[in-house]
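Coordinates in review
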Amino acid sequence: MSWRSLIPILLILQSSVEGTFIVTTSEKPTVVTVGQDVVLECQLIPAAAPEEMEVRWFRKGWQRIVHMYRKGKDEPDEQMKEYFGRTELFHDEFGKGNVSLLLRNVTVKDNGTFRCFVVSKALDAEGPVELKVGNEVFPTVSGWLVAFWVIFIILLAVFLPLLYLYQKYQRQHHQIRTLMMRPAINEYEALNAKLNQACASAEKEKSELLKQIENEKQAAKLECEKLLHLIEWDKMLRCAVSVTLDPETANGHLEVSPDRLSVKDGGGWRNVTENPKRFERYPFVVASEGFRAGAHYWEVEVGDSNNWDLGVARALAQRKGRVELSEENGYWVMGRYWEKYKVKNVELTLDRKPARVGVFLNLKEALVSFHDAETKTQLYAFQTHLEEEGEEIFPFFCPWRSQEPLKITPVTPED
């Protein structure tokens, strides 16, 4: 037995003698698929609950609490909103030193590192648990594999016709040489005619093959561009998030549906409670969900509505009095005004009227883009500046005076 293998035993002995404890977690990542429940394992050594034990499961920041146990009870008011009702400790196992966390209904956002922190009086210990969240419906497609097959098809389309042309040219050249070697003078004119005919035929076939090669190259290029576009579209769909409207921000002229998934003009002013978040003058509303980092995608059904604005807005953007929808004021929007589609008062030329609009927010790349969700085409993109560190960005909606509702629709990835 090597001295290294004695280290865990010595730690246990030290903990037993001095009354201290250590936290052990799995060295390998815990792998789970979206929608499943998972146990993030964390064990105290020695296997007993220390006096006045406090257990804190958190993520990146100390205050980003996933679950809090303190003074003999759970404290759900301390945890982050997205984990409310989804976490549980095994209280019956505390006596065995088991402080593992049960996480229900795993989502893509749960991917990453969780930390288990245990404190007892003046003593504390901590350990990380890495959670890997996969998607069993849409596995990741290797970009290198796609590129290999695209290049292989292009090379095949180019070299096979060339090889055929070269072999045919060799056969014709051999026939011509055979004819030219015949010594009969009286056959010269016939031989010359055949030679001219063979040359003309070869030139014609060469021209046709070159044209065919060019057509194959163009077709392969278009197919490659289409495939790359579908890959990018699939990446964007993987960033889909659930978005609901925040009635506390809705202007008094708006009517928000009970499920908070659609909004339209209410036909008149409603008595609403005034608060700092509510839009005062214009029929605007933002979502309850705000984003500080990462990439996020959602879709809105605009139907036959002739007037609407969609996009994103800063949390600190002006909401009282006269509001101009511009980047300088913290609004990145695209809208329809009767038969015209505009961005920043500049008219857009679209091939069709989109009935469902996708909005993509990539905070890392400072990108806000709009898409026709049915044709998978981009309508417009802002390459902007989102430099306010820590400020939330909210989905933005405006139906103006239209009775046709704007409906937030679930995003359905395709095979």
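Residues numbered from 1 in each chain as written. Predicted model: local features only at pLDDT ≥ 70, side-chain atom pairs only at ≥ 80, totals over all residues. Heavy atoms only, no water.

Comments concerning the sheet that holds strand β9 (residues 101–103)
Defined as follows: In this scheme, strands are said to pair when DSSP sees at least two bridges between them. Note on conventions: DSSP H or I runs of at least 4 residues are helices, E runs of at least 2 residues are strands, and numbering of each starts at the N terminus. Axes here refer to lines fitted to C-alpha atoms; in helices the fit is confined to the stretch in contact. Angles between the N-to-C directions go from 0 to 180 degrees.
As summarised here, the arrangement of the three strands in space is β3-β9-β8, forming an open sheet in which the pairing is antiparallel. On the outer flanks of this sheet lie β3 (38–40) and β8 (87–89), each paired with one strand and no other. This sheet shows a mean twist of 25 degrees between the axes of neighbouring strands, independent of strand direction. Alignment of β3 against β9, held across three bridges, turns out to be antiparallel. What sits directly across from Val-39, in β9, is Leu-102.

A few points about the confidence of the model for the protein chain
Keep in mind that low pLDDT regions are not for reading the predicted coordinates in detail. Our working rule: Residue-level confidence of the predictor, termed pLDDT, takes values from 0 up to 100. Two residues form a contact once any of their heavy atoms are found within 4.5 Å.
Taken as a whole, the protein chain shows an average pLDDT of 87; of its residues, 89% reach a score of 70 or greater. Below pLDDT 50 for its whole length, residues 2–7 participates in one contact with residues either more than four positions away or in separate chains. In the predicted structure, residues 9–17 sits below a pLDDT of 50 and forms 10 contacts with residues beyond four places in sequence or in another chain.

Overview of the sheet that holds strand β7 (residues 73–74)
With mixed pairing, the six strands of this open sheet are ordered in space as β2-β11-β10-β5-β6-β7. A single partner strand is all that each edge strand has here, and the edge strands are β2 (30–33) and β7. Bridging between strand β5 (residues 53–58) and strand β6 (residues 65–70) involves four bridges; their strand directions are antiparallel. Bridge pairing in β6 places Phe-58 opposite Ile-65.

Notes on the packing of aromatic side chains
The criterion, for reference: Pairing of aromatic rings covers Phe, Tyr and Trp, the last through its six-membered ring, and needs centres within 6.5 Å; plane angles under 30 degrees mean stacked, over 60 mean edge-to-face, and all others mean tilted. Only protein chains enter the area calculation, which uses a 1.4 Å probe; residues under 20% of their type maximum are buried, those over 50% are exposed, and those in between are partly exposed.
Under the definition given, this model contains 18 aromatic pairs. Ring plane angle 80 degrees and centroid distance 6.2 Å describe the contact between Tyr-83 and Phe-114, whose orientation is recorded as edge-to-face. Taken as a pair, Tyr-83 in the loop between β7 and β8 and Phe-114 in strand β10 (residues 112–120) lie far apart in primary sequence, 31 residues in all. Phe-114 carries the same exposure label as Tyr-83, and that label is buried. A centroid spacing of 5.6 Å and a plane angle of 20 degrees characterise the contact between Tyr-282 and Phe-284, whose relative ring orientation is stacked. By the burial criterion, Tyr-282 is buried, and Phe-284 matches it. Three or more aromatic residues link up through ring pairs in this structure, and these residues are Phe-279, Tyr-282, Phe-284, Tyr-331, Phe-396 and Trp-400.

Some details on a nonpolar patch on the surface
Let me state the cut-off plainly: Think of a patch as exposed residues, more than 30% relative accessible area, with no salt bridge, where like charges cluster within 9 Å and nonpolar side chains (Val, Leu, Ile, Met, Phe, Trp, Tyr) cluster within 5 Å. Only the protein chains shown count as covering a residue, and every accessible area follows the Shrake-Rupley method with a 1.4 Å probe. Within this document, salt bridges are pairs made up of a side-chain nitrogen of Lys or Arg and a carboxyl oxygen of Asp or Glu, the two lying within 4 Å of each other.
A surface patch of nonpolar side chains, about 830 Å² in accessible area, is lined by Phe-148, Trp-149, Phe-152, Ile-153, Leu-156, Leu-160, Leu-163 and Tyr-166. Summarising the element assignment, Phe-148 is placed in helix α2 (residues 143–180).

Looking at the pairing of strand β22 (residues 377–383)
Looking at chain direction, strand β21 (residues 367–372) and β22 are connected through six bridges and run antiparallel. Looking at β22, one finds that Ser-369 is bridged to Ala-381.

Side note on unusual backbone geometry
In this structure, the amide linkage connecting Ile-45 to the following residue, Pro-46, adopts the cis form with an omega of 5 degrees. Backbone geometry at Asn-105 places phi at a positive 50 degrees, although glycine is not the residue there. Residue position: Asn-105 is located in the loop between β9 and β10.

Re the pattern of salt bridges
A complete count under the given rule lists 25 salt bridges for this structure. Close ionic contact of Arg-278 with Glu-248 constitutes a salt bridge, the shortest N to O distance being 3.9 Å. Of the two residues, Arg-278 sits in the loop between β13 (262–265) and β14 (285–286) while Glu-248 sits in the loop between α3 (188–237) and β12 (254–256), which places them 30 residues apart along the sequence. Glu-248 gets classed as partly exposed once you look at its relative accessible area, which sits at 41%. Taking the shortest distance from any N to any O, the salt bridge between Arg-292 and Glu-392 comes out at 3.6 Å. Remark: Glu-392 occurs in the loop between β22 and β23 (393–398) and Arg-292 occurs in the loop between β14 and β15 (295–301); sequence separation between them is 100 residues. Residue class for Arg-292 comes out exposed when judged on its relative accessible area of 55%. One network of salt bridges, with partners in common, ties together Glu-299, Arg-352, Arg-356, Asp-372 and Glu-374.

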